[in-house]
Amino acid sequence: MADSESLPGGVTVVGLGYVGLPLALAFAKKLPTTGFDLDAPRVDGLRAGIDHNSEVDSATILSSNLTLTTDVSCIADAEFIVVTVPTPVTDDHEPDLSLLASVSASIGDQLRGRSEGLPAPIVVYESTTYPGCTEEFCGPIIERESGLRSGEGFFLGYSPERTNFGDAEHTLETVVKVVSGQTSAVAARVAETYGLIAKAGTHMAQSIKTAEASKVIENVQRDLNIALFNELSIIFDRMGIQSSDVFDAAATKWNFHRYQPGLVGGHCIPVDPYYLAYAAARTGYDADVVLTGRAINEGMPEYVAEKVVSLVRGRGGEPDSARVLVLGATFKKNVADTRNSKAIVLAELLAGRFGVVHVYDPYFDPEDGLERRFEVVGDPAGSGREYDLVVVAVGHSEFDVLEDQLPELLSPGGFVFDLTGTLAQNEKVASTTSVWSL
Ligand SMILES: NC(=O)c1ccc[n+]([C@@H]2O[C@H](COP(=O)([O-])OP(=O)(O)OC[C@H]3O[C@@H](n4cnc5c(N)ncnc54)[C@H](O)[C@@H]3O)[C@@H](O)[C@H]2O)c1
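A brief report on the enclosed structure follows.

Focus: the pairing of strand 13 (residues 410–418)
Pairing between strand 12 (residues 387–392) and strand 13: 5 bridges, direction parallel. For Val-390, the partnering residue across the bridge sits in strand 13 and is Val-416. Pairing geometry for strand 13 and strand 14 (residues 434–437), over 4 bridges, is parallel. Across the sheet, the residue bridging to Val-416 is Val-435, located in strand 14. Following the chain from strand 13 across helix 15 (residues 427–432) to the adjacent parallel strand 14, one finds a crossover that is right-handed.

Quick word on the packing of helix 7 (residues 208–238) against helix 9 (residues 272–282)
Packing of helix 7 against helix 9 leaves a shortest axis separation of 8 Å and a crossing angle of 115°. When the axis of helix 7 is compared with that of helix 9, the two are roughly perpendicular. The chirality of how helix 7 crosses helix 9 is left-handed. Contacts between helix 7 and helix 9 involve Val-216, Ile-217, Asn-219, Val-220 and Asp-223 from the former and Asp-272, Pro-273, Tyr-275 and Leu-276 from the latter. Looking at the contact of helix 7 with helix 9 residue by residue, the classes come out as 6 nonpolar, 1 polar and 2 charged.

Section: the sheet that holds strand 3 (residues 67–69)
The 8 strands are arranged 3-2-1-4-5-6-7-8 in an open sheet whose pairing can be described as mixed. The sheet terminates laterally at strand 3 and strand 8 (202–204), the two strands that pair on one side only. Going from strand to strand, the sheet's axes swing by 25° on average, the running direction of each strand aside. With 2 bridges joining them, strand 6 (residues 155–158) and strand 7 (residues 177–181) adopt antiparallel strand pairing. Bridging from a neighbouring strand, Gly-157 pairs with Gly-181 of strand 7.

Some thoughts on the site of the ligand
Contacts to the ligand come from 27 residues, most closely from Gly-15, Gly-17, Tyr-18, Val-19 and Ser-127. Broken down by element, the shell around the ligand gets its largest block of residues, 4 residues, from helix 4 (residues 98–112). The residue inventory of the shell around the ligand, partitioned by class, reads 12 nonpolar, 10 polar and 5 charged.

Points about the sheet that holds strand 14
Ordered in space as 11-10-9-12-13-14, the 6 strands form an open sheet in which the pairing is parallel. Two strands bound the open sheet, and with one partner strand each, they are strand 11 (375–376) and strand 14. As paired elements, strand 9 (residues 323–327) and strand 12 share 4 bridges and run parallel to each other. Directly across from Leu-327, in strand 12, lies its bridge partner Val-392. Packing against the sheet, helix 11 (residues 300–314) makes contact with strand 12, strand 13 and strand 14, and its axis sits at approximately 150° to strand 12.

Calculation criteria
- Residues numbered from 1 in each chain as written.
- Predicted model: local features only at pLDDT ≥ 70, side-chain atom pairs only at ≥ 80, totals over all residues.
- Pairing = 2+ DSSP bridges.
- Helix = DSSP H or I, 4+ residues; strand = E, 2+ residues; numbered from the N terminus.
- Right-handed = clockwise from strand over helix to strand, strands pointing away.
- Axes fitted to C-alpha atoms, helices over the stretch in contact; angles between N-to-C directions.
- Parallel < 35°, antiparallel > 145°, perpendicular 65-115°, else oblique.
- Left-handed = near helix turned anticlockwise from the far one by under 90°.
- Contact = placed C-beta atoms within 7 Å.
- Nonpolar A, V, L, I, M, F, W, Y, C, P; charged D, E, K, R; others polar.
- Near = placed C-beta within 6 Å.

If you want it as structure tokens, here you go:
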């Protein structure tokens, strides 16, 4: 265990989801750590070593010193509280701060009953949000509920999560962690505490607002880069040019940055730009570039659905009687997360246009209680089923093997629409099958 005067005696992580669980497990290797979540089935599952998000394996959970609890009173005397609750958007694409509000109210409520004589706790938010949210929205709620003053009775910090789930290379250990605090002394304590687990080091942002802004623009930039390539692929398709050929040529220039057009889903990239646009609007500025890029990416499932309908018709097929297989339903490669999955949106749109739509995804749990218009099927390899169209929507590693069998899955005249941009490199598929891509 770590030993330093400025390190906290322990860490309390509030919210044990994709972000909170790995973080709590990492802290638990260094300091006494409590993980609190109000979702009792989630905590029961973790106690049994089961992470339904399939991010952390059972042995790692079961061998950890992490204390798991659903008892909110663990916050009352906590020294270093880290908040990792979701920050989604409403149906109108406005920030939905309800979870940040309720968790801040719980923290304030607990701090009201804090034991006498304890040092003021530090509350570090990790949830992605707009610049100003921690100090102007969350802090006042803690103040109101606790009766304590921000900067006296408790201190605020912000340290955005930027690891890439499903990606073994960019993890908590290998990525620099941005940290910040309400005062320079608090920022230093936040940096030292995160320094225990962020092996690649920490970057001290000038202020909490700066740290919040840095996180949100990481995802805005990615959204916009992909939006540009989506728009380019739409333009070049109208011109009868294959966009990947254009990108291959342009990428030979030293300062051309290539991105893959496609579907932008998940809990972060399609959400966070709305947080920045919201905060910009509050200053009287319309973030037009940000929102236009967002609109292009949001429109891609509809664009692809229309495109494949016209391709089927162009090849003499009739969508009503065509059979379609969609490979991939989660929001990105090699993860089980279906939040905001545009592959699912696409499959739903196809189900409204084609006779039969099957979806296969080894990560997808169809028992999520949601009504679907498509049918979830098992591994199509060797199933004897044939399809007029296969849409490769997500590039899961498991599909590498299936790729070779695509020609056998297609009916005569059938074709593949590849949203991953990788199938062209598979010689067997490319030489035997019609493959379209963005
Ligand atoms: N998932 C990612 O890849 C990722 C990456 C970077 C940043 N983020 C950001 O991190 C934040 C968390 O995302 P996530 O994907 O881990 O969310 P998640 O839905 O996986 O987990 C959130 C957890 O918080 C719990 N929770 C909600 N309200 C609570 C409360 N009042 N008290 C205690 N627990 C509560 C939920 O039960 C859930 O288990 C979001 O702001 C997100 O934008 C996520």
